[in-house]
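Secondary and tertiary structure notes
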Amino acid sequence: MATAAESATVQALRDVMQRIQQASERANRPVSSVRLVAVSKTKPVKMIREVYDAGHRHFGENYVQELIDKAPQFPEDTKWHFIGHLQSNKAKALVTGVPNLYMVEGVDSEKVADHLDKAVSGLGRPPLKVLVQVNTSGEASKSGVEPSNCVELAKHIEEKCPNLHFSGFMTIGNLDYTSTPENFKTLASCQEKTCRELGIPMEEFELSMGMSSDFELAIEMGSTNVRVGSTIFGAREYAT
Ligand SMILES: *Cc1c(COP(=O)(O)O)cnc(C)c1O
């Protein structure tokens, strides 16, 4: 179908999609059970647009202001994911600035959940999907609940936040953003425990785990949502 030469970014997207398909096959899972979030933080709108024009819709950003600036430059059917730690005082700006926000991956406290819930109420939009971020590495980290507290925060969102839809868990892995099989196993055991205690069907539960260096392993270990940035868009350059 492609007539003009595809950009390197679109080729990289297709390559990642193919690797997702192969990993799904190895795990005996339908490829439709895994969502690819193209993590576009720090990348220019023009480059992200190429990926949109190739048919991709799910994009992830992790700076609130950057997402608020970018979102209006894309069609309404773009599905934005806010990934990583969110400060509670930015919840309102995020939700009002991005009307087509699809999911927040990274609620790590009741305070953030309550701020998001309040921000969504009255907007006339469907409940916002949220994933609870779990610190699966045991490293002292500023974000993510301890695995032993995963049910508690999930329960709070289910019972006290009517404008949010608790949809599962996410993990970043280790502090340096690498993951080990233990990180993925810990998240999967949080899933089992939470599904059992809150009566949520396992099939309706999301596990967001796996990034550029480990998304195939994550899929083999049950991920439903992989967040891939640099493998699609190239290494990020941060002005420091
Ligand atoms: C940046 C980021 C990613 C993507 O990382 P890559 O290694 O570039 O694929 C995934 N998840 C979160 C939370 C991120 O901040």
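Residues numbered from 1 in each chain as written. Predicted model: local features only at pLDDT ≥ 70, side-chain atom pairs only at ≥ 80, totals over all residues.

Describing the UniProt feature "modified residue: N6-(pyridoxal phosphate)lysine" (unreviewed entry) in the protein
Look at the UniProt record and you will see "modified residue: N6-(pyridoxal phosphate)lysine" (unreviewed entry) annotated at K41. Counting through the fold element by element, K41 comes out in the loop between β1 (35–39) and α2 (45–53). Judged by local crowding, K41 falls into the partly exposed class, with 18 C-beta atoms found within 10 Å. Other than its neighbours up to four places away in sequence, K41 contacts E61, N62, Y63, E66 and G229. (UniProt positions renumbered as here; feature names shortened; annotations may be inferred. Helix = DSSP H or I, 4+ residues; strand = E, 2+ residues; numbered from the N terminus. Buried ≥ 20, exposed ≤ 12 C-beta atoms within 10 Å, placed from the backbone. Contact = placed C-beta atoms within 7 Å.)

Focus: the environment of F59
With respect to the helices, strands and loops of the structure, F59 is situated in strand β2 (residues 58–61). For F59, a count of 25 C-beta atoms within 10 Å gives the class buried. Sequence separation between F59 and S121 is 62 residues, and the spatial gap between their C-alpha atoms is 24 Å. For F59, the contacting residues outside a window of four places in its chain are V37, A38, S40, I48, T78, W80 and H81.

Examining the site of the ligand
Around the ligand, 14 residues are found, and the nearest of them are G84, S212, R227, G229 and S230. The set of elements that each furnish at least two residues to the shell around the ligand consists of β8 (225–228) and α9 (230–233). Per-class residue counts for the shell around the ligand are six nonpolar, six polar and two charged. (Near = placed C-beta within 6 Å. Nonpolar A, V, L, I, M, F, W, Y, C, P; charged D, E, K, R; others polar.)

Overview of the environment of F205
Mapped onto the elements, F205 comes out in the loop between α7 (181–198) and β7 (206–208). For F205, a count of 20 C-beta atoms within 10 Å corresponds to the buried category. For the pair formed by F205 and T194, sequence separation is eleven residues and the distance between their alpha carbons is 9.6 Å. With residues up to four places along the chain from it excluded, the contact list for F205 reads G168, Q191, C195 and I200.

Re the pairing of strand β4 (residues 101–107)
Most of β4 sits inside the fold, with six of its seven residues counted as buried. The pairing of strand β3 (residues 79–83) with β4 spans four bridges and is parallel. Note on β4: the bridge partner recorded for F82 is V104. Where the polypeptide runs from β3 across helix α4 (residues 91–97) and back to β4, its parallel neighbour, the crossover connection is right-handed. (Pairing = 2+ DSSP bridges. Right-handed = clockwise from strand over helix to strand, strands pointing away.)

Overview of the environment of K118
Relative to the elements of secondary structure, K118 occurs in helix α5 (residues 110–120). Of the residues examined, K118 has 14 C-beta atoms within 10 Å and is grouped as partly exposed. For the pair formed by K118 and G168, sequence separation is 50 residues and the distance between their alpha carbons is 20 Å.

Observations concerning the packing of helix α6 (residues 150–160) against α7
Contact pair α6 / α7: the axes reach a minimum separation of 9 Å and the direction vectors enclose 45°. In terms of orientation, α6 lies oblique with respect to α7. Classified by chirality, the crossing of α7 by α6 is right-handed. The residues of α7 that touch α6, namely those facing C150, V151, A154, K155 and E158, are C190, K193, T194, E197 and L198. (Axes fitted to C-alpha atoms, helices over the stretch in contact; angles between N-to-C directions. Parallel < 35°, antiparallel > 145°, perpendicular 65-115°, else oblique. Left-handed = near helix turned anticlockwise from the far one by under 90°.)

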